[in-house]
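# Survey of secondary and tertiary structure
Letter by letter, the chains look like this.
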Amino acid sequence: MASGQKPAAGIEVIVTWQSDSGQLRGRSSSGRINLKTGEELKFGISERSGKIQPNATPSLGWLKVSAQQPTVSNITMSTTYVVENLEGGAELIKVRPRQLELVIPFEMSRILVPTSTGVTGLTVYAPPPRLLQMDLATRAMISSIHLDKTSKYFLVLVVLCEPRLRESSMTAVPSLREVVERLRGIDQFKDANRSSVNYHIDYLALRKLPVGQWSKSEDDGLKHSKREALVAFALRFDLVSEEDLRLLPPSSASRRAS
């Protein structure tokens, strides 16, 4: 049955940033510091580089390491910071002006601060989250949504989510034609066409994921396409992750990069 991990005595968080010294020498350089439980790091915008630097004045906020997770404080009067998850899924949280010690829930994250010349940030690496230990049978019993990762419909969903997992949350959702072309590299989809792929999209939208209210407005007019609604729902609730991209053959972009 299930059993939890014992709480850790303390944690260590790694923080990196673009260094002022690198800017002065005309090349890229980064700084790094390891913070232990109870320690904090104040940060501001450097006058030299316009980038976030530790202890630059005036201070804009600080990072602090609690017993379990890092927190961030925003001591500006009118600037909202964003903490984005570097592990994909377009996840982010907002740190409002004057908000203190907001927990950073991501294992790998970037704190982004807008300035008049662009966006600057700190990268934060925290320890893995504490997880409840359980066997496979128990996990299957308490899952609220079950998607069969060996099924054809799941591969269609992965292809729909692929651009946003590989690139950014602003990337367009693939068209039906693009989905068909991407799937044809998989044996199960050698004879794929728009109708067969659309069947799996309809199945996902009608039977597997509750996206009806996302894809239709109150008067039944089109609000978002089924494809957009499926991607938004799947990524918001981690139903598809970067690990699932391994189910797909190498893309043309990744082949060019290699």
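Quick note: structure is the one above.
Remember, it's a predicted structure, so these values are computed and weren't measured experimentally.

### What to know about the pattern of salt bridges
Summed over all chains, the structure comprises 8 salt bridges. Close ionic contact of D187 with K190 constitutes a salt bridge, the shortest N to O distance being 3.6 Å. K190 matches D187 in its accessibility class, with the two residues each being exposed. Via salt bridges that share partners, E162, R166 and R182 belong to a single interconnected network.

### Topic: the packing of aromatic side chains
Applying the stated criterion across every chain yields a total of 3 aromatic pairs. Ring geometry for Y153 and Y203: centres 5.3 Å apart, planes at 50 degrees, overall tilted. Taken together, the positions of Y153 in helix 3 (residues 152-166) and Y203 in helix 5 (residues 194-208) put the pair 50 residues apart, joining distant regions of the chain. Look at Y203 and you get partly exposed, because its relative accessible area is 28%. In this structure, K152 is placed above the aromatic ring of F189, and the distance from its NZ or CZ to the ring centre is 5.0 Å.

### As for the packing of helix 4 (residues 176-183) against helix 5
Contact pair helix 4 / helix 5: the axes reach a minimum separation of 9 Å and the direction vectors enclose 100 degrees. As the angle between them shows, helix 4 and helix 5 are arranged roughly perpendicular. For the pair helix 4 and helix 5, contact is made by L176, R177, V179, V180 and L183 and by R194, V197, N198 and I201, respectively. Class assignment for the residues of the contact of helix 4 with helix 5 results in 6 nonpolar, 1 polar and 2 charged.

### Focus: the sheet that holds strand 3 (residues 40-45)
If you trace the 5 strands from one edge of the open sheet to the other, you get 4-3-5-6-9, paired in antiparallel fashion. Each edge of the open sheet is held by one strand with a lone partner, namely strand 4 (52-54) and strand 9 (102-103).

### Section: the packing of helix 5 against helix 7 (residues 226-236)
Between helix 5 and helix 7, the shortest axis-to-axis distance is 10 Å and the interhelical angle comes to 55 degrees. Relative to helix 7, the element helix 5 is oriented oblique. Judged by the sense of rotation from one axis to the other, the crossing of helix 5 with helix 7 is left-handed. When helix 5 is examined against helix 7, the residues I201, D202, L204 and A205 are found in contact with a partner set consisting of K226, R227 and L230.

Cut-offs applied
- Residues numbered from 1 in each chain as written.
- Predicted model: local features only at pLDDT ≥ 70, side-chain atom pairs only at ≥ 80, totals over all residues.
- Heavy atoms only, no water.
- Salt bridge = Lys/Arg side-chain N within 4 Å of Asp/Glu carboxyl O.
- Buried < 20%, exposed > 50% of the residue type's maximum accessible area, 1.4 Å probe, protein only.
- Phe/Tyr/Trp six-rings, centres within 6.5 Å; stacked < 30°, edge-to-face > 60°.
- Helix = DSSP H or I, 4+ residues; strand = E, 2+ residues; numbered from the N terminus.
- Lys NZ or Arg CZ within 6 Å of the ring centre and 35° of its normal.
- Axes fitted to C-alpha atoms, helices over the stretch in contact; angles between N-to-C directions.
- Parallel < 35°, antiparallel > 145°, perpendicular 65-115°, else oblique.
- Contact = heavy atoms within 4.5 Å.
- Nonpolar A, V, L, I, M, F, W, Y, C, P; charged D, E, K, R; others polar.
- Pairing = 2+ DSSP bridges.
- Left-handed = near helix turned anticlockwise from the far one by under 90°.

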